[in-house]
Amino acid sequence: MELSLEFLYEYGLFLAKAVTLVVAIVAVILVVVASSTRHKAEKGELKITNVTAKLEELVHGLKEELLDKKAYKAYEKELKKQEKAKSKQEGEPKPKSFVIDFKGSIDAHEVESLRKEVSAVLAIATKEDEVIVNVESGGGMVHGYGLASSQLDRIRQAEIPLTVCVDKVAVSGGYMMACVANKIYAAPFAIVGSIGVVAQLPNFNRLLKKHDIDYEQHTAGDFKRTLTVFGENTEEGRQKFQQEIEETHVLFKEFVAQYRPELSLEKVATGEHWFGKQALELGLIDDIRTSDDLIMKKAQERDVYKVQYQIKKKLADKFAHGASLTLNAIVNRLAEKNRPV
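Residues numbered from 1 in each chain as written. Predicted model: local features only at pLDDT ≥ 70, side-chain atom pairs only at ≥ 80, totals over all residues. Heavy atoms only, no water.

Re the sheet that holds strand β10 (residues 303–311)
Spatially, 7 strands are ordered β1-β10-β2-β3-β4-β6-β9 in an open sheet, and the strand pairing comes out mixed. Every other strand in the sheet has two partners, leaving β1 (44–50) and β9 (287–288) as the edge strands with one partner each. Summarising the sheet, strand β2 (residues 96–103) and strand β3 (residues 130–136) pair through 7 bridges and their orientation is parallel. The partner of Val99 across the bridge, within β3, is Ile132. (Pairing = 2+ DSSP bridges. Helix = DSSP H or I, 4+ residues; strand = E, 2+ residues; numbered from the N terminus.)

What follows is the structure, given as structure tokens:
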């Protein structure tokens, strides 16, 4: 009986590993397929929303619902006066604020929309206008977030004031983007920082050996591949991999110092992250404020427009997203089961 239970346990463990491995491989294949299709011309549309007008409509609707008839008539009378005053100032256009949302994934493929949004804004914005970018990202691939940061730098180079708002999280690559701004605002409990580099990958070499599965990898060049998922890793490969990580960290620190020279990198470039109020004390951000508060205030002074480029999702992208969600669900369940009480 003990032998039977042990066999079932071993078999179940192997089956769980096999399923996880298969799901991971399928997810990688689908992501590769989706990435390859992105090189083709993607169809999308640029959507511009007048945020100021939307807020005015909201206020008007609330006044109509909440005020009594006398108070509402007085409000409408005052509104007409304001509209007359506006019509007299039509020859003096108000400065504009352009709002862009960036919610980044690990591979930062959202940069494809960002580059079009930035190009659209730069085509019409003047130095009297400003751009507000709401960044939400836990970071990801260096080259993806490097390109996203470069898109924001295009705004800086055009000498148009750039503000970044962080309501939830902007760490690692997310902070790489945020630091480009002239001003950074964050909510009190938003997570900011993580100026560091991390790289990790599983290695299935012992599992393959246990089941007598051979794996071959051929390269030209000593360090064409430093670490491998299925092969046996060497100490030399590990050292080279670590060296590359350290070099990337140096570049990251130099990038942050370029835009926020007053920062003490010895304190903040440790890979740690902080909440908004702590980040303010360290100089990682400039003020505590949510994007909602900032945009509502700007709408009283300026014409605020939200700019959004929407790409139509392809079938491969939908499958890749579904596979990613499935894999995350499996990992989370395993984590829950193995979490200490």
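Examining the nonpolar core
By size, the foremost hydrophobic cluster in this structure holds 47 residues, and its most contacted members are Leu114, Val133, Leu152, Tyr175 and Leu284. Setting aside chain neighbours within four positions, we find Val133 in contact with Ile100, Phe102, Leu152, Leu162, Thr163, Val164 and Cys165. Listed in part, the 9 residues of the second largest apolar core include Val51, Val99, Tyr185 and Leu294. (Core = buried A, V, L, I, M, F, W, Y, C linked by side-chain atoms within 4.5 Å. Buried < 20%, exposed > 50% of the residue type's maximum accessible area, 1.4 Å probe, protein only. Contact = heavy atoms within 4.5 Å.)

Here we look at a nonpolar patch on the surface
A cluster of nonpolar residues, Leu58, Leu62 and Leu66, forms a patch on the protein surface that exposes about 330 Å² of accessible area. Note that Leu66 resides in helix α2 (residues 51–66). In this structure Leu66 comes out as exposed when scored by relative accessible area, which is 70%. (Patch = residues over 30% accessible without salt bridge, like charges linked within 9 Å, V, L, I, M, F, W, Y side chains within 5 Å. Areas by Shrake-Rupley, 256 points an atom, 1.4 Å probe, with all protein chains shown as cover. Salt bridge = Lys/Arg side-chain N within 4 Å of Asp/Glu carboxyl O.)

Focus on helix α11 (residues 291–301)
Those residues of α11 not exposed but buried are Ser291, Leu294, Ile295, Lys298 and Ala299. The arc enclosing the buried residues of α11, seen along the axis, measures out at 135 degrees, which places them on a common side. Exposed side chains of α11 directed beyond 90 degrees from the buried face belong to Asp292 and Gln300. The inward-facing, buried residues of α11 contact α2, β2, β3, β4 (162–166), β6 (183–186) and β10. (Arc of directions from axis to C-beta.)

Describing the confidence of the model for the chain
When pLDDT is low, close inspection of the predicted coordinates is not appropriate. Of all residues in the chain, 68% have pLDDT values of 70 or greater, and the mean over the chain is 80. Within the chain, the lowest mean pLDDT, 56, falls on helix α1 (residues 2–38), and the highest, 97, falls on β4. (pLDDT = per-residue confidence, 0-100.)

Some words on the pairing of β6
Side chains on a regular strand alternate between the two faces of the sheet. As defined by bridge partners, β4 adjoins β6 across 4 bridges and the pair is classed as parallel. Bridging from a neighbouring strand, Cys165 pairs with Tyr185 of β6. Direction of pairing for β6 relative to β9: parallel, over a ladder of 2 bridges. If you follow Ala186 over to β9, its bridge partner there is Ile288.

A few points about helix α4 (residues 111–124)
An α-helical turn contains 3.6 residues, so a residue and the one three or four places further along point in the same direction. Taking 1.5 Å per residue, 14 residues should reach 20 Å; α4 reaches 20 Å between its end C-alpha atoms and fits that length. Of the positions making up α4, those classed as buried are Val111, Ser113, Leu114, Glu117, Val118 and Val121. For α4, the angular spread of buried residues about the axis comes to 145 degrees, placing them on one side. The inward-facing, buried residues of α4 abut β2, β3, α5 (142–157), α6 (173–178) and β10. (Expected span 1.5 Å × (residues − 1).)

Thoughts on the sheet that holds strand β5 (residues 169–171)
Overall, mixed pairing links the 3 strands, which are arranged β5-β7-β8 in an open sheet. Unpaired on one side and paired on the other, β5 and β8 (273–275) mark the two borders of the sheet. Strand-to-strand twist in this sheet, taken as the mean axis angle between neighbours without regard to direction, amounts to 30 degrees. Here strand β7 (residues 191–193) runs beside β8; their pairing, made up of 3 bridges, is antiparallel. Following the sheet pairing, Val192 is matched in β8 by Trp274. (Axes fitted to C-alpha atoms, helices over the stretch in contact; angles between N-to-C directions.)

A closer look at the packing of aromatic side chains
Summed over all chains, the structure comprises 4 aromatic pairs. Plain terms: the ring middles of Phe189 and Phe275 are 6.0 Å apart, the flat faces sit at 70 degrees to each other, and that makes the pair edge-to-face. Placement of the pair is Phe189 in the loop between β6 and β7 and Phe275 in strand β8, with a sequence separation of 86 residues. Stacked on the ring of Tyr185, the Lys or Arg Arg289 has its end atom at 5.6 Å from the ring centre. (Phe/Tyr/Trp six-rings, centres within 6.5 Å; stacked < 30°, edge-to-face > 60°. Lys NZ or Arg CZ within 6 Å of the ring centre and 35° of its normal.)

A look at the pattern of salt bridges
Under the criterion given, the structure shown has 9 salt bridges. A salt bridge links Arg115 to Glu112, with the nearest nitrogen and oxygen atoms 3.4 Å apart. Pair noted here: Arg115 and Glu112 are both in helix α4, with a separation of 3 residues, about one helical turn. Here Arg115 falls in the partly exposed class, since its relative accessible area comes to 32%.

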